[in-house]
Structures are given as C-alpha cells and as structure tokens.
Amino acid sequence: MKRYDLRELHSDFIPRMVEIMNNDIADGENAIFLFEIGDFSPIQATADCVKENNWTLMNSLKFNEVDWTIVVKKEAPVVEAEETSEEKESK
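The structure presented is a predicted model; accordingly, all values stated were derived computationally and were not measured. (Residues numbered from 1 in each chain as written. Predicted model: local features only at pLDDT ≥ 70, side-chain atom pairs only at ≥ 80, totals over all residues. Heavy atoms only, no water.)

**Q** Talk me through the packing of aromatic side chains; I want residue IDs and the actual numbers.
**A** A full pass over the atoms with the stated rule returns two aromatic pairs. Their ring planes at 25° and their centres at 5.6 Å tell us that Tyr4 and Phe33 sit as a pair that is stacked. Here Tyr4 is found in strand E1 (residues 2-5), whereas its partner Phe33 is found in strand E2 (residues 30-36), with 29 residues between them in sequence. Per residue, the accessibility class of Tyr4 equals that of Phe33, and both read buried. Residues Phe13 and Phe35 carry aromatic rings whose centres are separated by 4.4 Å and whose planes lie at 15° to one another, so their mutual orientation is stacked. Of the two residues, Phe13 is situated in the loop between E1 and helix H1 (14-23) and Phe35 in strand E2; the sequence distance between them amounts to 22 residues. Judged by its relative accessible area of 0%, Phe13 is buried. A residue is classified by how much of its surface remains accessible, and Phe35, at 0% relative accessible area, is buried. (Phe/Tyr/Trp six-rings, centres within 6.5 Å; stacked < 30°, edge-to-face > 60°. Helix = DSSP H or I, 4+ residues; strand = E, 2+ residues; numbered from the N terminus. Buried < 20%, exposed > 50% of the residue type's maximum accessible area, 1.4 Å probe, protein only.)

**Q** Report on the side chain of Thr56, specifying residues and quantitative values.
**A** Mapping Thr56 onto the fold places it in strand E3 (residues 56-62). Residue class for Thr56 comes out buried when judged on its relative accessible area of 14%. A polar side-chain atom of Thr56 sits 2.8 Å from the main-chain carbonyl oxygen of Glu75. Here Ala76 takes part through its backbone oxygen, which lies 3.4 Å from a polar atom of the side chain of Thr56. Dropping the residues within four chain positions of it, Thr56 is found in contact with Val50, Val71, Val72, Lys73, Glu75, Ala76 and Pro77. (Polar contact = N/O pair within 3.5 Å; in protein donor to acceptor, adjacent residues only side chain to side chain. Contact = heavy atoms within 4.5 Å.)

Here it is as structure tokens:
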C-alpha cells in the first residue's frame, strides 16, 4: 500500500491519480490518495474515475475540513450475484 498526497494539484489531480494507478501500483495493490475537497465535485469525479477504470473504491472519507482521502485497489470490484428464486426456495 502506497500513499500519495495530491493536494498541491488542487482540482486537477485526477490525471495524476490515473497515471499513478497505471504505472506505480501493481495489480491487486492498494493506493491511498489525499486531495482537496474544493466544491465537493472531486469526490464524485474520483468515484467515477475508479469505476471507469474497473478498479475498486475501498474507502472514501473526509480527512479534515479541506481534504479528502480515498483508498483504491487495482482490481475489478467483486459483484455478488443475487440468489435466484429457485435457490432461495431450496434453502
């Protein structure tokens, strides 16, 4: 797990986050990113970016009054299949 402080990039940090994930983070490894909240739009933008790149957003939380932290895993998210009605009845 590696930690990256992207606060100095202000609202232009997403391209750098993608570059780090693609070049510095091994498959299956986690990365912690710290960035400025701004008008809160970067929070949704990071979630969208993680989903578009087929990574897993492990955690997203407010670090302090002006900063946000996310933990991203470089692997596809695990999606649990719903039980069919036949499977439910057999239990």
